[in-house]
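Here's the letter readout for the chains.
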Amino acid sequence: MIRLKLSNTTANEGINLHLPATPAEVGEAFSWFERISVDPSEVRITGVNCSVSNLGPYILRADIHDTEQMKMLNELAGSIERMTDREIGIFAGALDAESINGLADVLELSKHLSNYVILPNINTDTELGRFLVDSGYKNFPEEVQPYLDYRAIGAEYYADNGGAYGPSGYVRRKSSLDQAPEHQGAIFSLLMYTRQVVA
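The model shown is predicted, which means the values in this text are computed figures rather than measured ones.

Q: Explain the overall build of the protein here, please?
A: Counting its secondary structure elements, the protein contains eight helices and six strands. Reading the protein from its N end, one meets helices and strands in the order β-β-α-β-α-α-α-α-β-α-α-β-β-α. The long-range fraction of contacts in the protein, counting pairs at least 24 apart against all pairs at least 6 apart in sequence, stands at 61%. When the accessible surface of the protein is totalled, it reaches about 11100 Å², and 48% of it is carbon and sulfur.

Printed below as a string of structure tokens:
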């Protein structure tokens, strides 16, 4: 579900619109502004509340008066309702990892979450570097590991592979290694098994 806060620059208060919404529910929201003498055509999205915590900045500029954009917002809300917690985490990270140029890009991204992988609870270069070493992806003798610069190791991997540290962890696009289960050194295959066991 997506909850939009609707208001304008002159109204002291606004109204919440829960998506997906029917045309009647959208019409009722606009009629509320008419009752408090606010021109509905001036109403905009001024806030977003959603399980995808960083979604707001990506849809704030959507035009709620445009039928096609309202249709896309409803479709996006329905898609988010069907997401698992893991998919929500991937979606949030992928939003920050990609170049998003409007509502259409957000909606398209929500349909291709299988193209991404996530390292849960890894939110800094240092945490990423430590994981790379602990998992054996970066091989260092045990006796030197206390002296390693984990931040630099993580930053180097981040620079080479892209992605973003999202609210739920590090997210990036899958590579050919991620899609090859016979390759035992694939870092993200290893993580998925490790994290599920620990959890």
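Structure shown, so let's carry the discussion forward.
Q: Any chance you could explain the nonpolar core here in plain terms?
A: Ranked by internal contacts, the top residues of the largest apolar core, which has 42 residues, are Ile 2, Leu 55, Leu 73, Leu 76 and Phe 91. If you list the elements that add at least two residues to this core, you get β1 (2-7), β2 (15-19), α1 (23-35), β3 (44-50), α3 (67-81), α4 (85-97), α5 (103-110) and β4 (116-120). Aside from chain neighbours lying at most four places away, what touches Phe 91 is Val 52, Leu 76, Ile 80, Met 83, Val 106, Leu 109, Ser 110 and Leu 113. One finds Leu 119, Phe 131, Val 133 and Tyr 170 within the second-largest nonpolar core, a separate group that totals 11 residues.

Q: Honestly, the sheet that holds β2 in this entry has me stumped. Any pointers?
A: Across a sheet, paired strands are connected by hydrogen bonds in the backbone, their directions being either parallel or antiparallel. With antiparallel pairing, the three strands of this open sheet are ordered in space as β2-β1-β3. Of all strands in the sheet, those with a lone pairing partner are β2 and β3, marking the two edges. Neighbour-to-neighbour, the strand axes of the sheet open up by a mean angle of 30°, direction not taken into account. Taken strand by strand, α1 contacts β1 and β2, and its axis lies near 175° from that of β2. Running at roughly 65° to β2, α3 makes contact with β1, β2 and β3 of the sheet.

Q: Would you mind going over the sheet that holds strand β5 (residues 164-166) with me for this structure?
A: The sheet built from three strands is open, its strands ordered β4-β6-β5 with antiparallel pairing. The strands lining the two open edges of the sheet, one partner per strand, are β4 and β5. Looking at each pair of strands side by side, their axes are set apart by 30° on average, direction ignored. The pairing of β4 with strand β6 (residues 169-173) spans five bridges and is antiparallel. Among the inter-strand pairings, Pro 120 is bridged to a residue of β6, identified as Gly 169. Contacts between helix α7 (residues 150-161) and the sheet are confined to β5 and β6, with β6 contributing the most and set at about 30° to the helix.

Q: Teacher, can you tell me more about the pattern of salt bridges here?
A: Using the criterion set out here, one finds three salt bridges in the structure. Put simply, Glu 75 and Lys 111 hold a salt bridge, and the shortest N to O gap is 3.2 Å. On the criterion of sequence distance, the pair formed by Glu 75 in helix α3 and Lys 111 in the loop between α5 and β4 is long-range, its members being 36 residues apart. Take Glu 75: its relative accessible area is 36%, and that puts it in the partly exposed class. Between Glu 98 and Arg 173 there is a salt bridge, with its nearest N and O atoms 2.9 Å apart. Of this pair, Glu 98 sits in the loop between α4 and α5 while Arg 173 sits in strand β6, and the two are 75 residues apart along the sequence.

Q: Just to check I follow, could you spell out the environment of Gly 154 for this structure?
A: Turning to its location among the elements, Gly 154 is positioned in helix α7. Exposure remark for Gly 154: the relative accessible area of 0% places this residue in the buried category. The spatial distance from the C-alpha of Gly 154 to the C-alpha of Val 133 is 9.5 Å, given a sequence separation of 21 residues. The residues contacting Gly 154, other than those within four sequence positions of it, are Asp 125, Leu 128, Gly 129 and Leu 132.

Definitions and limits used
Residues numbered from 1 in each chain as written. Predicted model: local features only at pLDDT ≥ 70, side-chain atom pairs only at ≥ 80, totals over all residues. Heavy atoms only, no water. Helix = DSSP H or I, 4+ residues; strand = E, 2+ residues; numbered from the N terminus. Contact = heavy atoms within 4.5 Å. Areas by Shrake-Rupley, 256 points an atom, 1.4 Å probe, with all protein chains shown as cover. Core = buried A, V, L, I, M, F, W, Y, C linked by side-chain atoms within 4.5 Å. Buried < 20%, exposed > 50% of the residue type's maximum accessible area, 1.4 Å probe, protein only. Pairing = 2+ DSSP bridges. Axes fitted to C-alpha atoms, helices over the stretch in contact; angles between N-to-C directions. Salt bridge = Lys/Arg side-chain N within 4 Å of Asp/Glu carboxyl O.

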